[in-house]
Structure formats: structure tokens, C-alpha cells
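Take a look at the letters that make up each chain.
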Amino acid sequence: MLQLPKPTQPPQILASVEESYERCRQITQKYSKTFYLGTLLMPPEKRRAIWAIYVWCRRTDELVDGPQAKYTTPETLQKWHEHLEHLFKGHPVDDEDVALVDTLQRFPVEIEPFEDMIAGQHMDLYRNRYETFEDLKLYCYRVAGTVGLMSNAVLGIEENPSAGPWDKENEPYIPKEEAIALGIANQLTNILRDVGEDAQRGRIYLPLEDLDRFNYTETDLLKGVIDDRWRELMRFEIQRARQYYKDAERGIRLLSKDSRWPVWAALMLYQGILNVIEANDYDVFSQRAFVRTPKKMLYIPLAWLRSHVL
Ligand SMILES: CC(C)=CCC/C(C)=C/CC/C(C)=C/CC/C(C)=C/[C@@H]1[C@@H](COP(=O)(O)OP(=O)(O)O)[C@]1(C)CC/C=C(\C)CC/C=C(\C)CCC=C(C)C
Ligand SMILES: [Mn+2]
């Protein structure tokens, strides 16, 4: 017997694939000058896939960090998770989704990093202190390491041209840990840059065990005290972030050739924020550290060199 369609909501006319990617491009350009610049160095198909992923990440982040964040509850995140499941079944729900569904078909990736990022936003909903670095690392993996895993699928791995047929059975090494390391490095940089802003919202991401170690208190931080204890603490955290950038570097060498330059550029541009924090004598309370445009432009050819030489 012929099945009649079940009565549902009238089908919504969504943006075309091209329109949706263009929207994602505009959103990426508006929200992140750094990553947008990096994506311009990619071949067009990869570039627009990264824009689509960026927009999903940005929308997820906005749920707990954006202007409507005070209305976000665990149910909101549960609904966002259901929305995600639709996308992985190939059904876009709104205009921005159309590009991501297309991207997921072209560059298959597991749902897990997307789910983990939602779990990270859940942490932001309830936590405003991190006791140990292990606690903070889990948060950093969830909100940023996951971006590395999502991006890996698009960036691609360089096939080893010298591999013989006997090597074909061996799975190629996917630099997952290195991609996660770059996400964690970026997130730690973000946290160090935004200490003052976060404190004004009552949030302290720096591990309390680290504050203790340098004899610096929560009250000092909330008051924005800059003294030798603070400088030592910041030096320690900057050093830790730099180690994560270092760990990521060996992974970049394994990426496909056309992805190395943009990733080096994104790494150098974001890591540059740490140098600015040092140049500002660790004052992250009364000024925001950012890399000036002429310096940014200098990083681009340097990144090209590194992608060819290292
Ligand atoms: C060039 C390239 C491939 C970039 C990836 C771009 C992308 C998909 C970014 C998504 C970022 C995003 C919106 C994440 C949501 C959570 C969040 C806000 C995390 C912080 C990002 C900063 O974003 P923001 O828009 O605030 O930027 P500004 O500070 O305003 O400039 C984070 C700090 C996390 C970003 C993490 C990454 C981009 C992961 C990087 C890892 C890779 C690209 C993998 C590379 C592969 C190997 C093997 C090393
Ligand atoms: Mn955020």
C-alpha cells in the first residue's frame, strides 16, 4: 500500500549550498580576523569547509558566551545536541547548517568532537573555577582541542609517496594528539589574554593550584594586582602554552602540503599574542593583547618559509 507522507511542518526553504558557504565566510571574517586570515591561504574547497566548521563552533560557543547566554540551560544544550544529530544524518535545520552538511559529506568526521565541544560548553555553564591544571586541560580539550580534530579531517594527511605496496596495509598516522595540542595551546593563550575580562564576569580559568604555587590569591586576581608574584605566575603559564605549540609543530609536517602554510600561519599569529602579553609587562587587566596588522603581515611569509623548510 502506498504510504502517505506524515503531516509535518511545511518544508522550509533553506539557503543554497553556495549561499550558505558565503554566509559562513562572512561570519568567520566578522568574528575571527586571525583564523579568517589563515583560511585565505587554503585551497577554496578546504577553506570553505573550515568556515562551515568555524560557524558551528562559534554558534556553540555563543550559547554560553554570547549576548543570549543568560537564557541558556542544560535543556538548550540538549536541543543543540539533537540539532547536531540531524546534521550528521544529512538534514540541515537552518541556513548556516547547509554548508556544514555539505562539508560533512565531503570530509567525513566523527560526531564525537562535536559532542565533546557541547560538553565543554556545559562545563562553562556551571564552573567558574578550576582547581588543577588537569581540570583545565579537560575544558581546553573540549572547547578547543576538538576544533583540531574537526579541522584535521579537512586539512588532510600527506600520503607517503615512497611507501611500497607492503606499507599500504599500515594505516597512515593521523596527528590527532598534535591537533588537540594546537587547540589547547590556542585556548590557553585565549585564557591568558582574557584574564581581566573573565575576572570581571567572576570567572577564573587559571588553575587555583598555580595561584597557590606563586602565593597569589583569588582576591589579588579579581583586583588586578600586578607584582612579581603575578609576573612569575604568568611566565609559568606562558611557558606551558608554548610547550603545547611546540608539541603541535611535528603534526603540521604530516599534514597535506596545501594545509601546512595556513596552519603554520594560524599557529604563529595566535602564539604571537603571548609575545604581546610579555611586551605589555603581563598587564592583562587594563589592556587586551593583540597582534598589530603589520606584524600579522610579517608572520604570513614567515609561516610560508616554515611550511617549506621545517
Ligand atoms: C586555520 C584553521 C585550520 C583554523 C581553524 C578555524 C576554526 C574551525 C576555528 C573554530 C574556533 C571556535 C569558534 C571555537 C569555539 C570555542 C572557542 C571560542 C575556542 C577558542 C578559539 C578562539 O576563537 P575566537 O573566535 O575567540 O578568536 P579570537 O581570539 O577572537 O581571534 C580558540 C582559542 C580555539 C581555537 C582552536 C583551534 C583553531 C584549533 C587549531 C588546530 C588545528 C587547526 C589543527 C591543526 C592540525 C595539526 C596536526 C597541528
Ligand atoms: Mn568563549
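Residues numbered from 1 in each chain as written. Chains lettered and ligands numbered in written order. Predicted model: local features only at pLDDT ≥ 70, side-chain atom pairs only at ≥ 80, totals over all residues. Heavy atoms only, no water.

Visitor: Before we go on, may I ask you to explain the overall build of the protein chain in this structure?
Guide: Within the protein chain, the regular secondary structure consists of 14 helices and zero strands. Rg of the C-alpha trace for the protein chain: 21 Å, near the compact-globule value of 19 Å for 310 residues, within the 12% margin. Projected onto its principal axes, the C-alpha positions of the protein chain cover 80 × 55 × 40 Å. For the protein chain, with 310 residues in total, the buried portion stands at 50%. Relative to all contacts within the protein chain whose residues are 6 or more apart in sequence, the contacts with residues 24 or more apart total 73%. Across the protein chain, 40 positive and 48 negative side-chain charges occur, with their mean positions spaced 5 Å apart. (Helix = DSSP H or I, 4+ residues; strand = E, 2+ residues; numbered from the N terminus. Rg over C-alpha atoms; globule rule 2.2 N^0.38 Å. Buried < 20%, exposed > 50% of the residue type's maximum accessible area, 1.4 Å probe, protein only. Contact = heavy atoms within 4.5 Å. Lys, Arg positive; Asp, Glu negative; His and termini not counted. Charge placed at Lys NZ, Arg CZ, Asp CG, Glu CD.)

Visitor: In this structure, what is going on with helix H6 (residues 112–126)? I would like to understand it.
Guide: An α-helical segment advances 3.6 residues per turn. Residues three or four places apart therefore align on the same side. Taking 1.5 Å as the rise per residue, H6 with 15 residues should run 21 Å; its terminal C-alpha atoms sit 22 Å apart, in good agreement. Looking at H6, one finds that the buried residues are Pro-113, Phe-114, Asp-116, Met-117, Ile-118, Gly-120, Gln-121, Met-123 and Asp-124. Lining the buried residues of H6 we find helix H3 (44–65), helix H4 (74–88), helix H5 (95–106) and helix H7 (133–155). (Expected span 1.5 Å × (residues − 1).)

Visitor: Any chance you could explain the coordination of the manganese ion (ligand 2) here in plain terms?
Guide: All of the protein donors around the manganese ion (ligand 2) are Asp-61 (OD) and Asp-65 (OD); their distances to the metal are 2.0 to 2.7 Å. Of this pair, Asp-61 and Asp-65 both sit in helix H3, four residues apart, roughly one helical turn. Residue class for Asp-65 comes out partly exposed when judged on its relative accessible area of 36%. (Donors = N, O, S within 2.8 Å, 3.2 Å for Na, K, Ca; no water.)

Visitor: Can you walk me through the site of ligand 1 in this structure?
Guide: In the vicinity of ligand 1 there are 34 residues, among which Tyr-54, Arg-58, Gln-187, Arg-193 and Tyr-270 approach most closely. At 3.5 Å from an oxygen atom of ligand 1 is found a side-chain nitrogen or oxygen belonging to Ser-32. Between ligand 1 and Arg-193, the relevant distance is 2.9 Å, taken from an oxygen atom to a side-chain nitrogen or oxygen of the residue. Considering ligand 1 on its own, with 1,000 Å² of exposed area, one finds that the protein chains cover 94% of that surface. Of all the elements in the fold, those that place two or more residues in the shell around ligand 1 are helix H2 (33–39), H3, H7, helix H8 (176–193), helix H12 (228–252) and helix H13 (257–279). Among the elements that line the shell around ligand 1, the one with the most residues is H8, at eight residues. Inspection of the shell around ligand 1 shows a minimum of three residues originating in each of domain 1 (14–126) and domain 2 (127–156 + 175–310). (Near = heavy atom within 4 Å. Polar contact = N/O pair within 3.5 Å; in protein donor to acceptor, adjacent residues only side chain to side chain. Areas by Shrake-Rupley, 256 points an atom, 1.4 Å probe, with all protein chains shown as cover. Domains from an automatic or database assignment.)

Visitor: What's the story with the domain arrangement of the protein chain in this structure? I'm lost.
Guide: Many authors give the size of an interface as the accessible area that is lost as the parts come together. Under the domain assignment used here, the protein chain contains domain 1 (14–126) and domain 2 (127–156 + 175–310). Every contact between the two is made by 29 residues of domain 1 and, on the other side, 33 residues of domain 2. Considering only the surface of domain 1 that becomes buried against domain 2, Leu-41, Met-123 and Asp-124 emerge as the three largest contributors, covering 26% of it. Linking domain 1 with domain 2 are three salt bridges. Across the pair Asp-124 and Arg-203 runs a salt bridge, and its minimum N-O distance is 3.1 Å. Counting across the interface, domain 1 meets domain 2 through ten residue pairs in polar contact (both at pLDDT 80 or more). Those elements that provide at least two residues to the side of domain 1 that touches domain 2 are H2, H3 and H6. Here the element with the most residues in the side of domain 1 that touches domain 2 is H6; it accounts for eleven residues. (Buried area = accessible area lost by both parts, 1.4 Å probe. Salt bridge = Lys/Arg side-chain N within 4 Å of Asp/Glu carboxyl O.)

Visitor: Which parts of the structure should I look at to understand a negative patch on the surface?
Guide: Taken together, the side chains of Glu-131, Glu-134, Glu-209 and Asp-212 make up a negatively charged region of the molecular surface. Within the element layout of this structure, Asp-212 appears in helix H10 (residues 208–213). (Patch = residues over 30% accessible without salt bridge, like charges linked within 9 Å, V, L, I, M, F, W, Y side chains within 5 Å.)

Visitor: Would you mind going over the nonpolar core with me for this structure?
Guide: The nonpolar side chains of a soluble globular protein tend to be buried with one another. The biggest cluster of nonpolar side chains holds 88 residues, and the ones touching the most others in it are Trp-56, Leu-136, Leu-206, Leu-221, Trp-230 and Ile-277. Mapping this core onto the domain boundaries places at least three of its residues in each of domain 1 (14–126) and domain 2 (127–156 + 175–310). Aside from chain neighbours lying at most four places away, what touches Trp-56 is Trp-80, Leu-84, Leu-87, Leu-100, Phe-114, Met-117, Ile-118 and Met-150. (Core = buried A, V, L, I, M, F, W, Y, C linked by side-chain atoms within 4.5 Å.)

Visitor: Would you mind showing me how to read the pattern of salt bridges here?
Guide: Pairing is possible between side chains that carry opposite charge, provided their charged atoms lie close to one another. According to the stated counting rule, one finds 32 salt bridges in the structure shown. Of the charged contacts, one joins Arg-231 and Asp-281 as a salt bridge, the two residues approaching to 3.1 Å between their closest N and O atoms. Note that Arg-231 is positioned in helix H12 and Asp-281 in the loop between H13 and helix H14 (293–309), a separation of 50 residues in sequence. Taking relative accessible area as the criterion, Arg-231 reaches 18% and is therefore assigned buried. Between Arg-240 and Glu-237 there is a salt bridge, with the nearest N and O atoms lying 3.1 Å from each other. Here Glu-237 and Arg-240 lie together in helix H12, a separation of three residues that amounts to about one turn. Each member of the pair Arg-240 and Glu-237 is classed as buried. Put simply, Arg-193, Asp-194, Glu-197 and Arg-288 are held in one network by salt bridges that share partners.

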